[in-house]
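# Understanding the architecture of this molecule
Here's the letter readout for the chains.
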Amino acid sequence: MAQTLRTDVVIVGAGPAGMLLSHLLEAEGIESIVVETRSQEYVASRIRAGILEHSSVELLTEAGLGARIEREGDEHRGIYLQWPHERHHLDFVDLTGRSVWVYGQTEVQKDLVAARSAAEQEIFYEAAEVTLHDLESERPAVTFTAGDEPVRIEARAVAGCDGSFGPCRAAVPDAVRQTWERVYPYSWLGVLADVAPSTDELIYAWHPDGFAMHSMRSATVSRLYLQVPNGTPVDQWSDDRIWQALATRLGHGQDGWELTPGPITDKSVLPMRSHVQTPMSHGSLFLAGDAAHIVPPTGAKGLNLAIADVALLAPALGALVRRGDEGPAQAYSDTALRRVWRCTHFSWWMTTMLHTSDDPFDAQLQLSQLHWLATSEAGRTGLAENYAGLPIGF
Ligand code: FAS
Ligand code: PHB
């Protein structure tokens, strides 16, 4: 016989979207239970995003989650755009008054886990056979097995925060659902290295051999990426080959700049795609984060979009559960999608501008865009406005 629990909102997924939503719902006086298919250790160990937009830092700080960001995060004024014999700094603060912060998603997750643990948030990790029920009713449910025990949670709403491979996105009926997908003809080889960054701010580099990026996680840990063909086996790239390609593409030796190599502690190949699913809600199901959209990481938007989604969803569910006011919940999808499409376009634009193909015409268009950004304040302001992030609810 299944154990039956009741709460206001059942949240599927304990990544940043699900955990931040449970935190923001509590501030709305709304109870939730989180159901996660992986172990807490696995979720905490995933190496993913590295940049928080201005709006994300503001929101996390207002939610009482900003102390470590302030202490251990690294505020950046902008980025460098690099191509052979050229490097140009774009100062977002001068251009838009908004900065960005280097603060890894693993750190955001740690802060969320600590906050939810302090609040005695109920979270089922390693849940199996997670299934959604009665989504078109006002009493939806989620069932799963915890260990060998069947569990049923009944709620007023289900929040689908289960990422790109979870069941929630598919729970929206085909007749209602519309999806857009673009798979890019290249991937990123991402490395983590125990070496001080060779730059003060991120370098995004166009090069005939392929895109490269120099990011970081701290004063002693660098995070770097290389464009590689789809399906590249990670063991095809030795550490020496990685550092050689990074040095070439990032402009080692150009104007006296040098890339300092160091021990690589993690490497993985990440495919790149854009994916949007509409609507982001159906009946009593509300999708947030990667469950609704995926962006190529070139625009540093994935994590920030997940934060923006739940910043909108929490008050909407608060109105629905506390006052029976369905208006904000009905408006959630359209409001969230404005930012989703803006970030989807920006991520596509950054990706297609900086990643090389075999087509020489593409290369000319890319270099022309880069020259335009180097010489046009209007161009730089457009990039800065999108990269540093638009106000939430835009
Ligand atoms: P998440 O995928 O983080 O979390 C979803 C959770 O749901 C997971 O814990 C999963 O285990 C769980 N789940 C899945 N199925 C379930 C089920 N059936 N039942 C219960 N739970 C289930 N973004 C950037 O901005 N910059 C980057 O550099 C970057 N790099 C990335 C690298 C990789 C390999 C990936 C996959 C993503 C990367 N992203 C990056 C995007 C990433 O940061 C996401 O945008 C962010 O994790 C979104 O958070 P969530 O929506 O919570 O989804
Ligand atoms: C990262 O530091 O992991 C990072 C930074 C900027 C991006 C993507 C990834 O656009």
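Residues numbered from 1 in each chain as written. Chains lettered and ligands numbered in written order. Predicted model: local features only at pLDDT ≥ 70, side-chain atom pairs only at ≥ 80, totals over all residues. Heavy atoms only, no water.

### Some points on the packing of aromatic side chains
The geometry of an aromatic ring pair is captured by the separation of the ring centres together with the interplanar angle, meaning the angle of the planes. Summed over all chains, the structure comprises 11 aromatic pairs. Here a set of aromatic residues connected by ring pairs shows up, and it is made of F92, W188, Y204, F211, Y225, F346, W349 and Y387. Above the face of the W237 ring, R241 is positioned so that its terminal group lies 3.8 Å from the ring centre. Positioned above the aromatic ring of Y387, the side-chain terminus of K301 is 5.8 Å from the ring centre. (Phe/Tyr/Trp six-rings, centres within 6.5 Å; stacked < 30°, edge-to-face > 60°. Lys NZ or Arg CZ within 6 Å of the ring centre and 35° of its normal.)

### Some thoughts on the domain arrangement of the protein
Under the domain assignment used here, the protein contains domain 1 (3–66 + 104–181 + 274–355) and domain 2 (182–272 + 356–386). Distance between the C-alpha centres of domain 1 and domain 2: 30 Å. Contacts between the two partners involve 25 residues from domain 1 and, on the opposite side, 26 residues from domain 2. A buried area of about 2,200 Å², summed over both sides, lies between domain 1 and domain 2, and 62% of it is on carbon and sulfur atoms. (Domains from an automatic or database assignment. Contact = heavy atoms within 4.5 Å. Buried area = accessible area lost by both parts, 1.4 Å probe.)

### Examining the packing of helix α1 (residues 16–27) against helix α6 (residues 105–118)
Interaxial distance between α1 and α6 falls to 10 Å at its minimum, and their mutual angle equals 40°. Of the possible angle classes, the one that applies to α1 and α6 is oblique. When the axes of α1 and α6 are compared, the crossing they make is left-handed. Contacts from P16, M19, L20, S22, H23 and E26 of α1 reach α6 at Q105, Q109, L112, V113, A115 and R116. (Axes fitted to C-alpha atoms, helices over the stretch in contact; angles between N-to-C directions. Helix = DSSP H or I, 4+ residues; strand = E, 2+ residues; numbered from the N terminus. Parallel < 35°, antiparallel > 145°, perpendicular 65-115°, else oblique. Left-handed = near helix turned anticlockwise from the far one by under 90°.)

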